[in-house]
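Descriptive structure summary
Listed below, chain by chain, are the residues.
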Amino acid sequence: LSSGINAEYGAAELAQYKEELHENTLLVERLVAEVRGLRRSNEELRCAAETNSLQLASKSEEVKQYREQVTMYDEVLQSVQSKMLALGSALPSSLKVVLKELV
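Residues numbered from 1 in each chain as written. Predicted model: local features only at pLDDT ≥ 70, side-chain atom pairs only at ≥ 80, totals over all residues. Heavy atoms only, no water.

Time to look at the overall build of the protein chain. Secondary structure summary: the protein chain contains two helices and zero strands in total. Computed over C-alpha atoms, the radius of gyration of the protein chain comes to 41 Å, more than 25% over the 13 Å expected from 2.2 N^0.38 for 103 residues, which places it beyond the range of a compact globule. C-alpha atoms of the protein chain, sized along the principal axes, occupy 135 × 20 × 10 Å. A burial count over the protein chain gives 3% of its 103 residues as buried. For the protein chain, the exposed area adds up to about 9200 Å²; of that, 60% sits on carbon and sulfur atoms. Taken as two groups, the 12 positive and 16 negative side-chain charges of the protein chain have centres that lie 15 Å from each other. (Helix = DSSP H or I, 4+ residues; strand = E, 2+ residues; numbered from the N terminus. Rg over C-alpha atoms; globule rule 2.2 N^0.38 Å. Buried < 20%, exposed > 50% of the residue type's maximum accessible area, 1.4 Å probe, protein only. Areas by Shrake-Rupley, 256 points an atom, 1.4 Å probe, with all protein chains shown as cover. Lys, Arg positive; Asp, Glu negative; His and termini not counted. Charge placed at Lys NZ, Arg CZ, Asp CG, Glu CD.)

Time to look at the pattern of salt bridges. If you walk through the whole model with that rule in mind, you get four salt bridges. Put simply, Glu34 and Arg30 hold a salt bridge, and the shortest N to O gap is 3.5 Å. Taken together, the residues span about one helical turn, with Glu34 and Arg30 both in helix α1 (residues 2-88) at a distance of four residues. A residue is classified by how much of its surface remains accessible, and Glu34, at 43% relative accessible area, is partly exposed. Across the salt bridge formed by Glu50 and Arg46, the nearest N and O atoms sit 3.1 Å from each other. Residue Glu50 and its partner Arg46 are both found in helix α1; the two are separated by four residues, about one turn of the helix. (Salt bridge = Lys/Arg side-chain N within 4 Å of Asp/Glu carboxyl O.)

The next point concerns a nonpolar patch on the surface. A surface patch of nonpolar side chains, about 380 Å² in accessible area, is lined by Met72, Tyr73, Val76 and Val80. As for its placement among the helices and strands, Val76 is situated in helix α1. (Patch = residues over 30% accessible without salt bridge, like charges linked within 9 Å, V, L, I, M, F, W, Y side chains within 5 Å.)

Here you go:
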């Protein structure tokens, strides 16, 4: 009788372990799927960050070129203003007033 009870208890315990194993297997599969999704998201974010970095580098180069142009235009403007003032000293006083307003 006791061997029958032990066998019945062992079978019930085995069934419980099988059920737990099945549940754990499902849990592991779900976690693996989540990790794969996170890896995809991480890769997408990495690619977006790389693209943004390249765009930023491009914009930085554009800004550098604009600054160089502004510096060049400032230098030309200062040169023109200096020449206008030099030429203005030879002009009659009525034209000097107009010239000073332009400069």
